[in-house]
Amino acid sequence: MPIRQHHPRLALFSLLLAGVLVGGCSQGVVQYQATPIPADVTELFRTLNSVESDTVWIFEQGGPFHEFDPSAYDSFVHYPAREEVQFVQVHQTLTLNHDLAKRESEWQLADLQAEVDVSVEILDRTIKHFKAQDKRVVVVGHSYGAFLLARYLALRGPEAADRYLLMAGRLDMQEEVVRGFLTGTAYYFPDAVTPTEVPGQDHPLFPPKTARELMEMRIAGATGHDRYTELLRGEDLQRVIYVYGTNDLNVGRLTDAEVAFLRSRGSTVIPIQDGDHTSMFEDPDAARTISDALNE
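All values reported here derive from a predicted model rather than from experimental measurement.

Here's the deal with the pattern of salt bridges
- Tallying each qualifying case throughout the model produces 14 salt bridges.
- The closest approach of N and O atoms between Glu121 and Arg125, which form a salt bridge, is 2.7 Å. Of this pair, Glu121 and Arg125 are both found in helix α3 (residues 109–131), four residues apart, which corresponds to roughly one turn of the helix.
- Residue classification places Glu121 among the buried positions, given a relative accessible area of 13%.
- Exposure remark for Arg125: the relative accessible area of 33% places this residue in the partly exposed category.
- Through salt bridges with shared partners, a single network forms among Glu121, Asp124, Arg125, Lys128 and Arg156.

Laid out in structure tokens, this is it:
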């Protein structure tokens, strides 16, 4: 399915990418080629339980990482629906293709965003696969997965799935953070507001040591690069639920402007007071509140 072209900057991105490819060929550089997507849609996700249900939850994990998060299903232990719905974990470009980092040094922003959009296409095919079975489809993204869902909504719109649950992400990540991740410099938010460069090797968000770790950081930076309050300004986001912790040190809490934007487009916004990056999983009251919102 073609990318929705109602955003001028998306058309500009396509032109820039074409320029990168043509320029690369003319200078003898190996042409960028996006990760191929298997034709068999069942290879694009893995099922995490054996429930037969009219509802499926499609989970976009955090990271991004090269491997599936083994704790994905267990993270939802406080959600009643976990035992009642079919639960699948969808591939992202890095879990599908472990060889991306081999040419990491050659990649520009356009290449990185094209790889992010491989993940967008994988998600779109997975959603449509289950909708073709008359399933109710709920797409859930946490951390990096929430950033990826914002990009999906900007490129494809919200019509394909029934509900979207974005947790612990951002719409307009501060530019210095994006630049840092694109160049291998990690940031965090010690007061949940102010982006601060990670102080040293002993911090959990230490700088990358390998090409794979750097590729993960750069893919994250490319996903958070665009201003999603701009790209989504024409969308009806009533199907979207956005959850954030007010004390999220990893990505910062949503700004007042981000919250106001989401509500202006019809989204349900759920702040977890004093919550951190994972409180939406660990706090049973928060899980119940989110579950109730999904059922409305």
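Describing the packing of helix α5 (residues 175–183) against helix α6 (residues 211–223)
- Close contact between α5 and α6 brings their axes to 7 Å; oriented N to C, the two are set at 150°. On the basis of their axis angle, the class for α5 and α6 is roughly antiparallel. Crossing angle aside, the handedness with which α5 passes α6 is left-handed. Along its contact with α5, which presents Val178, Phe181, Leu182 and Thr183, the element α6 presents Leu214, Met217, Arg218, Ala220, Gly221 and Ala222.

Observations regarding the nonpolar core
- Core analysis: the largest hydrophobic core is formed by 60 residues, its most contacted members being Ile58, Ile127, Val137, Val139, Tyr164 and Met215.
- For this core, the element with the most residues is helix α4 (residues 144–156), which contributes 10 residues.
- When neighbours within four sequence positions are excluded, Ile127 is seen to be in contact with Ile58, Val137, Val139, Tyr152, Ala160 and Ala161.
- Ranked by size, the runner-up nonpolar core spans 25 residues in total, among them Trp57, Tyr79, Ala286 and Ile290.

Details of the environment of Gln238
- Along the chain, Gln238 falls in the loop between α7 (228–231) and β8 (240–245).
- Residues Gln238 and Pro158, spaced 80 residues apart in sequence, show a C-alpha to C-alpha distance of 8.9 Å.
- Residues in contact with Gln238, not counting those within four places in the same chain, are Arg163, Arg265 and Gly266.

Quick word on the sheet that holds strand β2 (residues 55–60)
- Read across the sheet, seven strands follow the order β1-β3-β2-β4-β5-β8-β9 without closing on themselves; strand pairing throughout is mixed. Unpaired on one side and paired on the other, β1 (45–47) and β9 (268–272) mark the two borders of the sheet. Averaged over all neighbouring strand pairs, the angle between strand axes comes to 20°, with direction disregarded.
- As judged from the four bridges shared by β2 and strand β3 (residues 86–90), these two strands associate in the parallel manner. Pairing of Ile58 across the sheet is with Val88, part of β3.
- Each of β2, β4 (136–142), β5 (163–167) and β8 is contacted by α4, which is oriented at about 125° to β4, the strand it contacts most.

About the thresholds
- Residues numbered from 1 in each chain as written.
- Predicted model: local features only at pLDDT ≥ 70, side-chain atom pairs only at ≥ 80, totals over all residues.
- Heavy atoms only, no water.
- Salt bridge = Lys/Arg side-chain N within 4 Å of Asp/Glu carboxyl O.
- Helix = DSSP H or I, 4+ residues; strand = E, 2+ residues; numbered from the N terminus.
- Buried < 20%, exposed > 50% of the residue type's maximum accessible area, 1.4 Å probe, protein only.
- Axes fitted to C-alpha atoms, helices over the stretch in contact; angles between N-to-C directions.
- Parallel < 35°, antiparallel > 145°, perpendicular 65-115°, else oblique.
- Left-handed = near helix turned anticlockwise from the far one by under 90°.
- Contact = heavy atoms within 4.5 Å.
- Core = buried A, V, L, I, M, F, W, Y, C linked by side-chain atoms within 4.5 Å.
- Pairing = 2+ DSSP bridges.

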